Amino acid sequence: WIITKEAGQYYHPVISPDGQWVIAHEGADMYLYPVEGSTPRKSLGIGLASSWMPDNRGVLTFRDVSIDGHDVSNSELFYIPIDDLKRQPLTNSIDRAEMWADVSSDGKQVAFSDELSGRIFVANLEF
């Protein structure tokens, strides 16, 4: 199937565990597409999606910031539920640049990288 019917350069597709949804990226924007293609895409705003919740209820994303246009100066993790698409912050730190979150198969933990230190963290995931 061709998921992205609109013109554009899409990258980093992330499919939901149940195979019903795909998040595709175009530039800095994220879009939610139904795999069956009967409804239009929905905008998830600016950021990069990295992991679906195992129950398909939402996705973890991050949004990085660069002061000089080259290096990442900050980044935060967010959760976006697919029922209302309202972005919820998961982190808010000045000493880390949280990126590339991945949720455990039971949905209770999240691993993510810190772009500033190069370290990997694991944290409990609670909403």
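Fair warning: this is a prediction, and the values are worked out from it, not measured in the lab.

Visitor: Any chance you could break down the sheet that holds strand E7 (residues 74-81) for me, citing the residues and the numbers?
Guide: Strand order in this open sheet of 4 strands is E5-E6-E7-E8, and the pairing throughout is antiparallel. Two strands lie at the open edges of the sheet, namely strand E5 (48-52) and strand E8 (88-89), each paired on one side alone.

Visitor: So what about the environment of Glu 115? Which residues, and what values?
Guide: For Glu 115, the location among the structural elements is in the loop between strand E10 (109-114) and strand E11 (120-124). Note: C-alpha distance between Glu 115 and Ala 7 (108 residues apart in sequence) is 32 Å. Excluding residues within four positions of it along the chain, Glu 115 makes contact with Val 72, Ala 97 and Met 99.

Visitor: Describe a negative patch on the surface, listing the residues and the values that go with them.
Guide: Side chains of Asp 64, Asp 68, Asp 71 and Glu 115 sit close together on the surface and give a patch of like negative charge. Checked against the element boundaries, Asp 64 lands in strand E6 (residues 58-65).

Visitor: Pulling in residues and values, what's your account of the sheet that holds strand E4 (residues 42-46)?
Guide: Here we have 4 strands laid out as an open sheet, ordered E1-E2-E3-E4, and antiparallel in their pairing. The open sheet has two free edges, formed respectively by strand E1 (10-15) and E4, since each of these has just one partner strand. On average, adjacent strands in this sheet sit at an angle of 25° to one another, irrespective of strand direction.

Definitions and limits used
- Residues numbered from 1 in each chain as written.
- Predicted model: local features only at pLDDT ≥ 70, side-chain atom pairs only at ≥ 80, totals over all residues.
- Heavy atoms only, no water.
- Pairing = 2+ DSSP bridges.
- Helix = DSSP H or I, 4+ residues; strand = E, 2+ residues; numbered from the N terminus.
- Contact = heavy atoms within 4.5 Å.
- Patch = residues over 30% accessible without salt bridge, like charges linked within 9 Å, V, L, I, M, F, W, Y side chains within 5 Å.
- Areas by Shrake-Rupley, 256 points an atom, 1.4 Å probe, with all protein chains shown as cover.
- Salt bridge = Lys/Arg side-chain N within 4 Å of Asp/Glu carboxyl O.
- Lys, Arg positive; Asp, Glu negative; His and termini not counted.
- Charge placed at Lys NZ, Arg CZ, Asp CG, Glu CD.
- Axes fitted to C-alpha atoms, helices over the stretch in contact; angles between N-to-C directions.

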